[in-house]
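Fold and geometry: a report
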Amino acid sequence: LYQIPFFEGLNLQTARVYIHPGKEREESRANGKKEDESRLVFMLEMSRLGPVRVDVSVKPAKAAGAMSATGTIYTLNDSVTKFIKDNLNDLLKPLETLGYSARFDVSSADETFVTEQLENYTPITSKGIVDVKA
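Thresholds applied
- Residues numbered from 1 in each chain as written.
- Predicted model: local features only at pLDDT ≥ 70, side-chain atom pairs only at ≥ 80, totals over all residues.
- Heavy atoms only, no water.
- Helix = DSSP H or I, 4+ residues; strand = E, 2+ residues; numbered from the N terminus.
- Buried < 20%, exposed > 50% of the residue type's maximum accessible area, 1.4 Å probe, protein only.
- Contact = heavy atoms within 4.5 Å.
- Areas by Shrake-Rupley, 256 points an atom, 1.4 Å probe, with all protein chains shown as cover.
- Phe/Tyr/Trp six-rings, centres within 6.5 Å; stacked < 30°, edge-to-face > 60°.
- Lys NZ or Arg CZ within 6 Å of the ring centre and 35° of its normal.
- 1 Å grid on protein atoms, 1.4 Å probe; cavity = no way out; pocket = protein on both sides within 12 Å on 5 of 7 lines; lining within 4 Å.
- Points joined across faces, edges and corners; volume = space filled by probe spheres on them.
- Nonpolar A, V, L, I, M, F, W, Y, C, P; charged D, E, K, R; others polar.
- Patch = residues over 30% accessible without salt bridge, like charges linked within 9 Å, V, L, I, M, F, W, Y side chains within 5 Å.
- Salt bridge = Lys/Arg side-chain N within 4 Å of Asp/Glu carboxyl O.
- Lys, Arg positive; Asp, Glu negative; His and termini not counted.
- Charge placed at Lys NZ, Arg CZ, Asp CG, Glu CD.

**Some remarks on the overall build of the protein**
Per the secondary structure count, the protein includes 2 helices and 9 strands. Starting at the N terminus and walking to the C terminus, you meet the elements of the protein as β-β-β-β-β-β-β-α-β-α-β. When the 134 residues of the protein are sorted by exposure, 30% land in the buried category. For the protein, contacts bridging at least 24 residues in sequence account for 47% of all contacts bridging at least 6. By element, 52% of the accessible surface of the protein is carried by carbon and sulfur atoms, the whole surface being about 9400 Å².

What follows is the structure, encoded as structure tokens:
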């Protein structure tokens, strides 16, 4: 668990990022090799979109040196889901610029899932605070 503080106006907010490192190995369907896969979950409280959850899987892509990021963005209502879907290409461009092959789905989910406190269900081995200026 990493908590990333940021200011929204005069209010201090915190984004939660859960990282499951690529210790688990997964069989590749294409060539039978085992690949590292890291999983990340971002829990964000967006000022205009409301709570947003982003589940991401990152692993080496087929091209040498490239990485693949796939996942799902969850929101609380259909209008926010539509807005993100309509702007998804713009959101993914920075990842693609960094050399990631990025593919994401967007869907609505219930509030319990979108705002879930994953530290209550996952053994935490270490906690960290990352100071990020946006």
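**A short note on the packing of aromatic side chains**
Considering all chains together, one arrives at 1 aromatic pair under this definition. An angle of 85 degrees between the planes, with centres 4.8 Å apart, marks the rings of tyrosine 74 and phenylalanine 113 as edge-to-face. One end of the pair, tyrosine 74, is in strand 7 (residues 67-75); the other, phenylalanine 113, is in helix 2 (residues 111-114), with 39 residues separating them in the sequence. Note on tyrosine 74: relative accessible area 17%, which makes it buried. Residue placement shows arginine 53 over the ring face of phenylalanine 113; its charged tip is 3.9 Å from the ring centre.

**Considerations on the layout of surface pockets**
Taken as a whole, the largest pocket spans an internal volume of roughly 540 Å³. Residue lining of the largest pocket: 20 residues in total, with Leu44, Val54, Ile73, Leu91 and Leu95 positioned closest to the centre. Elements represented by at least two residues in the lining of the largest pocket include exactly strand 5 (38-46), strand 6 (50-60), strand 7, helix 1 (78-97) and strand 8 (100-108). Broken down by element, the lining of the largest pocket gets its largest block of residues, 7 residues, from helix 1. Of the residues assigned to the lining of the largest pocket, the class counts are 19 nonpolar, 1 polar and no charged.

**Considerations on a negative patch on the surface**
Together, Glu8, Glu45, Asp110 and Glu111 make up a negatively charged patch on the protein surface. Residue glutamate 45 is classed as partly exposed on the basis of its relative accessible area of 40%.

**Digging into the pattern of salt bridges**
If you walk through the whole model with that rule in mind, you get 4 salt bridges. The salt bridge partner of glutamate 116 is arginine 53, with a shortest N-O separation of 2.8 Å. Within this pair, whereas glutamate 116 is found in the loop between helix 2 and strand 9 (128-129), its partner arginine 53 is found in strand 6, the two being separated by 63 residues in sequence. Residues joined by salt bridges that share partners form a network here, namely Arg53, Asp55 and Glu116.

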